[in-house]
Amino acid sequence: MEPLRKEAKDNPSASANLLSKIFFCWLNPLFRIGYRRKLQEDDMYKVLPEDASDRLGEEYWNQEIQQAANELRPPKLTKALIQCYWKSYLLIGSYIFIEVYQIIQPVLLGKLIEYFESYDPANSPAVSEAYIYAAGISLSTISLTVLHHLYFYHVQRAGMKIRVAVCHMIYRKALCLNSSALAKTTTGQIVNLLSNDVNKFDEVTLYLHFLWIGPLQAASVIILLLYAIGPSCLAGMAVFFFMMPVQTMFGRLFSRLRAETAVLTDERIRTMSEVISGIRVIKMYGWEKPFGALVDEVRRMEISKIMKSSYLRGLNMASFFAASKVIIFVTVCVYVLTGNTLSASRVFMAVSLYGAVRLTITLFFPCAIEKVSESLISIERIKLHLYPDQDMDLLPGGDLAIVGDRGANLSGGQKARVSLARSVYQDADIYLLDDPLSAVDAEVGRCICGLLRKKPRILVTHQLQYLKAADQIVVLKEVRVVQPTKEESRFEGNVGLHMYVKYFMAGANFLVLLVLILLNALAHVSFVLMLVFVFLSGLTATSVVFGFVRSLVFFNVLVSSAQTLHNNMFNAILRTPIHFFDINPIGRILNRFSKDIGYLDSLLPWTFVDFIQVFLQVIGVIAVAAVIIPWILIPVVPLLVVFLFLRCYFLQTSRDIKRLESTTRSPVFSHLSSSLQGLSTIRAFKVQQRFQQTFDEYQDLHSEAWFLFLTTSRWFAVRLDGICSVFVTITAFGCLYLRDGLEPGAVGLALSYAVTLTGMFQWGVRQSAEIENMMTSVERVVEYAELESEAPWETDKQPSSDWPKAGCITFDRVNFSYSASEPLVLKNLSLVFKSREKVGIVGRTGAGKSSLISALFRLAEPEGRITIDGFLTSEIGLHTLRQKMSIIPQDPVLFTGTMRKNLDPFKQHTDEDLWNALQEVQMKAMVDELPSKLETVLTESGSNFSVGQRQLVCLARAILRKTRILIIDEATANVDPRTDGLIQQTIRDKFQECTVLTIAHRLNTIIDCDRILVLDAGRIQEYDEPYVLLQNQDGLFYQMVQQTGRAEAASLLHTAKQVTTSTFVPGQACP
């Protein structure tokens, strides 16, 4: 669990005055701080009370469930959301309603050009009227700027509120899932809901109002066009209305593809979650390749759907840019062919009117359809989740030590101690203890009879030595949570050019990129020529065709980049040392594979293509303006300088906020993953409310960053548009001031280009800043793609195929730590495990038992020499080494997939081999009763099997591998005596010719070993035969035996006495 930071600052927007709220001036101090230094979490402001996660509850959803039950119908999440938010969202629509009157601007422009067409210096009333028109253009531009950004600020905030409320509900529901519902729900599915599905609320609220504004604005424009150019306008509008059903069809296709993609994303993230959770076992088995292939296959299918969606987006976007060209061409042609004479005022008024609705009808309206379609799919997926049935001294820092994700930085014994201490700390009236002593030494067990002696205690246990202290025994038969988590790193400064190069080169080679540049150039050369020769149909068609091809190729390259970067990141994750997973919570890693990859898959390509097209259009407009009215370019240069300065100033802060937004997402996912892992514990201690509160605090932390991201974006946009409004005002009044000698056409071009150019300028600058912000996700993905790698899986130095024959293991002055910055956990170990020897490894919690196994498997590189049959392990590949040893781990790990795949992921064994292995561990009958036998698909982490059954499957894996070395890492700590006995007997029978190393806290499981290795604080304390060790009453092993109790100690001594050197005939001594 990641620590929450100290109290945040009060939010200045709550006390800001009206002008400060309109122009976001309350953010100025933050921008000054961000310009001087890197922003930290402590620089963020508290969420506003009305945006807090715990305030945005689910009462409307609960009411809908109750009402649906009464009416015998399924509940509708859409209805609950509408009931909750319709009033506030409808009120926001009043801001955008003014956008309908954007069409007044072209009318005023036409009137101003009419004045120049009939210019008479002696006509004073006409001059006054012209100034009124210029003032009207200026005021409409300024008012639209203010209202436009107020609208987008409020709808983005509304989307944030809905998203946060739904996330709260999703987590709350996860805490209430019953066992059957939990079996059908995967971590990947819930992570995907929280990372991708809920984001649709942020997107749909942006565009939803345009579903009614679009048709209303279109109707108003038709009326004005009929007045301006007569029925000829209907030809151009016909193109608009032809596109609308096409856009609707695209929306339906988006909806279908979104549903298909979401299922595959669930599957990929679920698999990733299992891989990360079980990475230690995967590495020790040498199973990285089959799991890599599994994720690659799911990702390949997912990217196939994403590519189709991207092609649709490309067509959508190309149609948006082509629409204006085709509409103007068709309108002008029809107008001239019907015998009308073109005049400057009519042409520019018509063009400006089309321009006024072009954005709404060909971009915002189709976006609304697309986002509504995608949102309905996401709402349905969320509803399916919401509706199922419910129901320390060794630690640095002592009791202030930070526990890693899922207790990754604690040994099994330390986890058990923390769990036991937590229950004692509760000071409850009744204690239900579910075998908490299996992974700890006998001394710890005394707390049940000591600290809790006056409390009723029900102890479920497999360890019979504790039964003598019980007041009553119930026998059941066949009844069916060392280093702190590291803070997540953040980049500083600009996103370097090298990052953009890596991004593009990941999607295409140099030749393809050259073709892409050529396509862009051809598309915009034809666009510029069309601006000059609007009557040439060939140019129009060429411009449209190149525009479509360019968009499709661009999307193909960028989605391919996302695919390559994902694969690089996943491969790097598989190859990085195990220490990385100990210090990085699972949620932090999944954040990059879900949210950041989500940006790379869809939003970043769309934004990049949009920016490139706008940028090239700006160049085209400037080129035409330079030829026709070069004097208008005089103010463009200072305008560009001001824009670029503002962009630089804005990005210094915005980039850091975007990076903070990314890192503050990780604790949300980590907390979710940890909660699902420990759901039974959370419920047993009745701390659901505490965990819900922690989730809400993490959500609020992320909302602080998100709120700043959307408000700083508005701060930037309103200033860019404000400067543009001033530029348009100067141009309008400048034309009147310089009216003598100006042609009507020049005035029309000057004013329409002033509006177009500044609009494009500010949009292009904003999109370039948005790209820089989104490129932080590329940074984060590339950071993981370049993680430190383990030693190679294979090397040129290969032992013989039958190595190791004897299984002799030698440690020669071995020191071991999990990273260079960590203290040694094994210190100067020198010892020999002889061929076929059975060695028990014991010691107090944290003595270094599991670390010895980690050194043997090279989970981190040890110092000194470790040899197996004389072969130096550091000289061979990791897979060569690890696949020649078998391990039965402390936590039995199974994976989603068939029983066959869990036993034999490389498909190296026949069905007969698999059934024989299951027979050896007495699992054959149980698997034979499964619906599809070996092909039965196990649920996530094998949760439909008991712990004991999972451990037996792990034993069956070891039998199948037929290796000469077997390591048992407290494998029987959590199983009943019968299963324990079965495992011990199977090991004696099937691994008689193997060298077996057994780590155990339960001394009865290793007392019959040939020798016992006693470790303490990473050093060898004792190493000899069990009976010999028990003769030393000052020895650590003797003390551990005595702590089990008098009867148990006597039994252990008797067993040890029977194990003498005569019963062990070693194969050969190690060289």
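Keep in mind that this is a model prediction, so the values were computed, not measured.

**Quick look at the overall build of the protein chain**
Consideration 1: Check the secondary structure of the protein chain and you find 36 helices and 14 strands.
Consideration 2: When the 1071 residues of the protein chain are sorted by exposure, 58% land in the buried category.
Consideration 3: When the accessible surface of the protein chain is totalled, it reaches about 44,500 Å², and 60% of it is carbon and sulfur.

**Observations concerning unusual backbone geometry**
The bulk of non-glycine residues show a negative phi, and the bulk of peptide bonds are trans.
Consideration 1: The residue after Trp-803, namely Pro-804, is reached through a cis peptide bond having omega -5°.
Consideration 2: With respect to the helices and strands, the residue Pro-804 is situated in the loop between helix H26 (744–785) and strand S3 (809–816).
Consideration 3: Its identity is not glycine, yet Lys-686 carries a phi of approximately 55°, on the positive side.

**Focus: the environment of Ile-1012**
Consideration 1: Tracing the chain through its elements places Ile-1012 in strand S13 (residues 1011–1016).
Consideration 2: Taking C-alpha positions, Ile-1012 is 5.6 Å from Asp-1024, a pair spaced 12 residues apart along the chain.
Consideration 3: When near neighbours in sequence (up to four residues on either side) are disregarded, Ile-1012 contacts Gly-840, Val-842, Ile-1006, Glu-1022, Tyr-1023, Asp-1024, Pro-1026, Leu-1029 and Phe-1037.

**Some thoughts on the sheet that holds strand S7 (residues 871–872)**
Consideration 1: Spatially, S4-S3-S6-S7 is the arrangement adopted by the 4 strands of the open sheet, whose pairing is antiparallel. Lying at the two open borders of the sheet, with one neighbouring strand each, are strand S4 (826–833) and S7.
Consideration 2: Sheet topology note: the S3/S4 ladder contains 5 bridges and is antiparallel. Residue pairing for S4: Val-814 is matched across the bridge by Leu-829.
Consideration 3: Sheet strands in contact with helix H27 (residues 849–856) are S3, S4 and strand S6 (863–868), and its direction is about 110° off that of S3.

**Description of the packing of aromatic side chains**
Consideration 1: Across all of its chains, the model carries 34 aromatic pairs by this definition.
Consideration 2: Ring centres of Phe-31 and Trp-715 lie 4.0 Å apart, and the angle between their planes is 25°; on these two criteria the pair is classed as stacked.
Consideration 3: Judged by relative accessible area, Trp-715 falls into the buried class, the value being 4%.
Consideration 4: Relative to Phe-695, the ring of Tyr-171 has its centre 4.3 Å away and its plane inclined at 5°; by these criteria the two rings are stacked. Neither Tyr-171 nor Phe-695 differs from the other in exposure class; each is buried.
Consideration 5: Of the aromatic side chains, those joined through ring pairs into one cluster are Phe-31, Tyr-35, Phe-645, Tyr-649, Phe-650, Trp-715 and Phe-716.
Consideration 6: Between the NZ or CZ atom of Arg-163 and the centre of the ring of Trp-706, over which it lies, the distance is 5.1 Å.

**As for helix H10 (residues 210–229)**
Consideration 1: For H10, built from 20 residues, the straight-helix expectation of 28 Å at 1.5 Å per residue is met to within 8% by its first-to-last C-alpha distance of 27 Å.
Consideration 2: The set of residues buried in H10 consists of Phe-210, Ile-213, Gly-214, Gln-217, Ala-218, Ser-220, Val-221, Ile-222, Leu-225, Ala-228 and Ile-229.
Consideration 3: Following H10 by one or two positions, Gly-230 adopts a phi angle in the positive range, close to 75°.

**Some details on the sheet that holds strand S5 (residues 838–842)**
Consideration 1: Taken together, the 6 strands give an open sheet; going across it, the order is S8-S11-S12-S5-S13-S14, and neighbouring strands pair in mixed fashion. Here the strands that pair on one side only, and so sit at the sheet edges, are strand S8 (885–888) and strand S14 (1019–1024). Each adjacent strand pair in this sheet contributes to an overall mean axis angle of 20°, direction not counted.
Consideration 2: Sheet topology note: the S5/strand S12 (residues 995–999) ladder contains 4 bridges and is parallel. Looking at S12, one finds that Ile-841 is bridged to Ile-999.
Consideration 3: Sheet strands touched by H27: S5, S8, strand S11 (965–969), S12 and S13. Its angle to S12, the strand with the most contacts, is close to 145°.

**Concerning the environment of Ile-132**
Consideration 1: By the secondary structure assignment, Ile-132 is in helix H6 (residues 124–176).
Consideration 2: Measuring from C-alpha to C-alpha, the distance between Ile-132 and Leu-108 comes to 9.1 Å, with 24 residues separating the pair along the chain.

**Quick word on the packing of helix H8 (residues 187–197) against helix H11 (residues 233–277)**
Consideration 1: Taken N-terminus to C-terminus, the directions of H8 and H11 make an angle of 125°; their axes are 7 Å apart at the nearest point. Compared by their axis directions, H8 and H11 come out oblique. As for the relative orientation of H8 and H11, their crossing is right-handed in sense. Two secondary-structure elements touch here, H8 through Thr-187, Gly-188, Gln-189, Val-191, Asn-192, Asn-196 and Asp-197 and H11 through Arg-258, Ala-262, Thr-265, Asp-266, Ile-269, Arg-270 and Ser-273.
Consideration 2: Taken together, the residues of the contact of H8 with H11 sort by class into 3 nonpolar, 7 polar and 4 charged.

**Some thoughts on the environment of Ala-238**
Consideration 1: Relative to the assigned elements, Ala-238 resides in helix H11.
Consideration 2: Take Ala-238: its relative accessible area is 42%, and that puts it in the partly exposed class.
Consideration 3: With 92 residues separating them along the chain, Ala-238 and Val-330 place their C-alpha atoms 9.6 Å apart.

**Digging into the packing of H8 against helix H23 (residues 666–677)**
Consideration 1: Their axes nearest at 11 Å, the elements H8 and H23 cross at an angle of 155°. Comparing the axis directions of H8 and H23 gives the class roughly antiparallel. H8 and H23 meet at a crossing whose hand is right-handed. Across the interface between the two elements, Thr-187, Ile-190, Val-191, Leu-194 and Ser-195 of H8 pack against Phe-669, Leu-672, Ser-673 and Leu-676 of H23.
Consideration 2: Its residues placed into classes, the contact of H8 with H23 shows 6 nonpolar, 3 polar and no charged.

**Looking at a nonpolar patch on the surface**
Consideration 1: There is a patch of nonpolar side chains on the surface, built from Leu-497, Val-501, Met-505, Phe-510, Leu-511, Leu-514, Val-515 and Ile-517 and spanning about 840 Å² of accessible area.
Consideration 2: Only helix H17 (497–505) and helix H18 (510–532) provide two or more residues apiece to the nonpolar patch.
Consideration 3: Broken down by element, the nonpolar patch gets its largest block of residues, 5 residues, from H18.
Consideration 4: In this fold, Leu-497 is placed in helix H17.
Consideration 5: With relative accessibility at 67%, the residue Leu-497 sits in the exposed group.

**Focus: the confidence of the model for the protein chain**
Consideration 1: The predicted model of the protein chain has a mean per-residue pLDDT of 82, with 88% of residues at 70 or higher.
Consideration 2: Segment residues 477–483 is flagged for pLDDT under 50; beyond a separation of four residues in sequence, or across chains, it makes 13 contacts in the model.
Consideration 3: The low-confidence segment residues 1061–1065, where pLDDT is below 50, has 7 contacts with residues more than four positions distant or belonging to other chains.

**Describing the pattern of salt bridges**
Consideration 1: Considering all chains together, one arrives at 51 salt bridges under this definition.
Consideration 2: Residue Lys-9 is joined to Asp-43 by a salt bridge in which the shortest nitrogen-to-oxygen separation is 3.9 Å. With Lys-9 in the segment before helix H1 (18–23) and Asp-43 in the loop between helix H2 (28–36) and helix H3 (59–70), this residue pair connects regions lying 34 residues apart in the sequence.
Consideration 3: Among the ionic contacts, a cluster of salt bridges with common partners joins Lys-200, Glu-203, Arg-313, Glu-370, Lys-371 and Glu-374.

**Some points on the pairing of S11**
Consideration 1: With respect to burial, S11 is a largely interior element, 5 of its 5 residues being buried.
Consideration 2: The side-chain alternation of S11 yields two buried faces, one formed by Ile-965, Ile-967 and Asp-969 and the other by Leu-966 and Ile-968.
Consideration 3: Note that S8 and S11 share 4 bridges and pair parallel. Across the sheet, residue Ile-887 finds its bridge partner in S11, namely Ile-967.
Consideration 4: Relative to S12, S11 runs parallel, the two being bridged by 5 bridges. Directly across from Ile-967, in S12, lies its bridge partner Leu-997.

About the criteria used
- Residues numbered from 1 in each chain as written.
- Predicted model: local features only at pLDDT ≥ 70, side-chain atom pairs only at ≥ 80, totals over all residues.
- Heavy atoms only, no water.
- Helix = DSSP H or I, 4+ residues; strand = E, 2+ residues; numbered from the N terminus.
- Buried < 20%, exposed > 50% of the residue type's maximum accessible area, 1.4 Å probe, protein only.
- Areas by Shrake-Rupley, 256 points an atom, 1.4 Å probe, with all protein chains shown as cover.
- Contact = heavy atoms within 4.5 Å.
- Pairing = 2+ DSSP bridges.
- Axes fitted to C-alpha atoms, helices over the stretch in contact; angles between N-to-C directions.
- Phe/Tyr/Trp six-rings, centres within 6.5 Å; stacked < 30°, edge-to-face > 60°.
- Lys NZ or Arg CZ within 6 Å of the ring centre and 35° of its normal.
- Expected span 1.5 Å × (residues − 1).
- Parallel < 35°, antiparallel > 145°, perpendicular 65-115°, else oblique.
- Left-handed = near helix turned anticlockwise from the far one by under 90°.
- Nonpolar A, V, L, I, M, F, W, Y, C, P; charged D, E, K, R; others polar.
- Patch = residues over 30% accessible without salt bridge, like charges linked within 9 Å, V, L, I, M, F, W, Y side chains within 5 Å.
- Salt bridge = Lys/Arg side-chain N within 4 Å of Asp/Glu carboxyl O.
- pLDDT = per-residue confidence, 0-100.

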